[in-house]
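Below are the chains, spelled out letter by letter.
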Amino acid sequence: MSTRTLVSPATLARPRGRAAYWSVFTATVVLFTLAFLFPVYWMVTGAMKSPDEVAKTPPTLVPEQWHLGGYTDAWDLMQLPTHLWNTVVQAAGAWLFQIVFCTAAAYALSKLRPVFGKVLLGGILATLMVPAQALVVPKYLTVADLGLLNDPLAIWLPAVANAFNLYLLKRFFDQLPRDVLEAAEIDGAGRLRTLWSIVLPMSRPVLGVVSIFALVAVWQDFLWPLMVFSDTEKQPISVALVQLSQNIPLTVLIAAMVIASIPMVAMFLVFQRHIIAGIGAGSTKG
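About the cut-offs
Residues numbered from 1 in each chain as written. Predicted model: local features only at pLDDT ≥ 70, side-chain atom pairs only at ≥ 80, totals over all residues. Heavy atoms only, no water. Helix = DSSP H or I, 4+ residues; strand = E, 2+ residues; numbered from the N terminus. Buried < 20%, exposed > 50% of the residue type's maximum accessible area, 1.4 Å probe, protein only. Areas by Shrake-Rupley, 256 points an atom, 1.4 Å probe, with all protein chains shown as cover. Lys, Arg positive; Asp, Glu negative; His and termini not counted. Charge placed at Lys NZ, Arg CZ, Asp CG, Glu CD. Expected span 1.5 Å × (residues − 1). Salt bridge = Lys/Arg side-chain N within 4 Å of Asp/Glu carboxyl O.

Colleague: Help me get a handle on the overall build of the chain, residues and values and all.
Modeller: Across its full length, the chain holds 15 helices and zero strands. Overall, the chain is about 70 × 70 × 35 Å in size when its C-alpha atoms are taken along their principal axes. Looking at the chain as a whole, 32% of its 286 residues are labelled buried. Approximately 17,900 Å² of the chain is accessible, and the part contributed by carbon and sulfur atoms is 69%. Taking the average place of the 19 positive charges on the side chains of the chain and the average place of its 15 negative ones, the gap between the two points comes to 20 Å.

As structure tokens, this is what we get:
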């Protein structure tokens, strides 16, 4: 069966056609790479410029003089260690709560098939149709009534109610080979043992994707932490960057944003193979 392509095989067989193809391909890759990496380069080098050079018109691509003091000033003046630690605690707790409860709920809906399970799933998915802004006030009143203001639980507990991650896990569990689960049941494994020893090891790709979604959502959230953390010593980095940016040089603020973005970039670089595998995990049945 022949396939139709933009460039015919006959054209690629000729030296001139092959050279033109690879030239266009290389130029496209380079342009897209620059489009994605240039803002990162601009931010990293902007923190190394002087305040006058940052505001200079036209801007300079390379700093006239390299100043690393912006990073050290940001680390000290904006109390980045404290706020980064607050963010790590809040993100780690939200991740753990989601992994435990969303995985348990998805496994129950997928394999245990409770009574009215489809109705429950439909109600959960219906929450995706509600704008997030409409839920802010009810969530805040609930957290305030429970006395959880300025407490990490105010981040952890609402994060559990993530319908998208639950549905993602359920769809993956639906595609797990039934023969493997039936073999575990014949061997005497209970529901929890099957979940722990069979389902979770097979679900590493989708668990990686859910983990990334959970961590990034907390790391970049601004409105909800701003409402529940009035104590500046307990605020995450996303809120602290705004609250402490008054009377701070622009270069120091840029340096703080660079430092705040490093953990997420490093996590993606370390787990990118699992993330890509997890994205395509639900496209085919196992």
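Right, picking up where we left off after that structure.
Colleague: Can you tell me about helix 12 (residues 204-220), naming the residues and giving the values?
Modeller: Counting along an α-helix, one turn takes 3.6 residues, and residues three or four places apart therefore face a common direction. Taking 1.5 Å per residue as the helical rise, helix 12 with its 17 residues ought to reach 24 Å, and the 24 Å between its terminal C-alpha atoms agrees with that figure. Every buried residue of helix 12 is listed here: Val206, Leu207, Gly208, Val209, Val210, Ser211, Ile212, Ala214, Leu215, Val218 and Trp219.

Colleague: Please give an account of the pattern of salt bridges that cites residues and values.
Modeller: Here the structure, examined in full by the defined rule, presents two salt bridges. A salt bridge links glutamate 64 to lysine 56, with the shortest nitrogen-to-oxygen separation between them at 2.8 Å. Accessibility expressed as a relative area gives 37% for lysine 56, which makes it partly exposed. Here aspartate 174 and lysine 170 are joined by a salt bridge, their closest N and O atoms 2.8 Å apart. A residue pair is termed a helical-turn pair when its members lie 3 or 4 positions apart in one helix, as aspartate 174 and lysine 170 do in helix 9 (residues 163-174) at four residues. The class of lysine 170 is buried, set by a relative accessible area of 12%.

As far as function goes, none of this settles anything; it's purely spatial.
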